[in-house]
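# Observations on the model geometry
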Amino acid sequence: MIPGGAVAIDGTKIAAVGKFEKIALEFRGRRVIDAHDSLIMPGLVNGHTHAAMTCFRGSPTIWP
């Protein structure tokens, strides 16, 4: 958690995260979103995966 924090975005990438004062000195945005008293987090892209299924890859099937 960064109280008084900011996030700089470049295209679709997170360029920097830190205190607002430091980010404001290093970056100049085309648009500023006031997210005061909000949670900022990356999207849960591909949050549903079948990674556990790789444990069974190559094992014999138990279904007829």
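I will try to describe carefully the structure that is included in this document. Throughout this description, residue numbers start from 1 for each chain and increase along the sequence as written. Side-chain atom pairs in this predicted model are given and counted only at pLDDT of 80 or more, local residue features only at pLDDT of at least 70, and totals for whole chains, interfaces and linings cover all residues. Hydrogens and water molecules were not included; the side-chain quantities draw on all heavy atoms of the structure.

Helix numbering and strand numbering both begin at the N terminus, where a helix is a DSSP run of H or I of at least 4 residues and a strand a DSSP run of E of at least 2. Along its length, the chain carries one helix and two strands. What you see in the chain, going N to C, is helices and strands ordered as β-β-α.

Among the surface-exposed residues, Ile 2, Val 7, Ile 9, Ile 14, Val 17 and Ile 40 lie close enough to one another that they form a single nonpolar patch of about 540 Å² accessible area. Mapped onto the nonpolar patch, the elements with two or more residues apiece are strand S1 (5–10) and strand S2 (13–19). Tracing the backbone shows Ile 2 in the segment before S1. The residues that make up patches have over 30% relative accessible area and no salt bridge, and they are joined within 9 Å when like-charged or within 5 Å when they are Val, Leu, Ile, Met, Phe, Trp or Tyr. Residue exposure ignores everything except the shown protein chains as possible cover, and the areas themselves are Shrake-Rupley values with a 1.4 Å probe. One speaks of a salt bridge when a side-chain nitrogen belonging to Lys or Arg is within 4 Å of a carboxyl oxygen belonging to Asp or Glu.

Right, let's talk about the pairing of S2 for a bit. It is a general feature of regular strands that their side chains alternate between the two faces of the sheet. Pairing between strands is defined by DSSP: at least two bridges between the two strands are required. Sheet analysis places S1 next to S2, joined by six bridges and oriented antiparallel. Its bridge partner being in S2, Ala 8 is matched across the sheet by Ala 16. Linking S1 back to S2 in an antiparallel pair, the connection comprises two residues, with Gly 11 at a positive phi of about 70°.

Attention now moves to the environment of Ile 23. Turning to its location among the elements, Ile 23 is positioned in helix H1 (residues 20–26). Taking the C-alpha atoms as reference, Ile 23 lies 8.5 Å from Gly 5; in sequence the two are 18 residues apart. Whether two residues touch is decided by their heavy atoms; if any such pair falls within 4.5 Å, the residues are in contact. Here Ile 23 is in contact with Ala 6, Ala 8, Ala 16, Val 17 and Gly 18, once residues within four sequence places are set aside.

A positive phi is found at Asp 37, a non-glycine position, where the angle reads about 60°. Structurally, the position occupied by Asp 37 is in the segment after H1.

The next point concerns the environment of Ile 9. Assignment of secondary structure puts Ile 9 in strand S1. Counting along the chain gives 18 residues from Ile 9 to Phe 27, while the straight-line C-alpha distance between them is 9.3 Å. In this structure Ile 9 touches Ile 14 and Ala 15, once residues within four positions along its chain are discounted.

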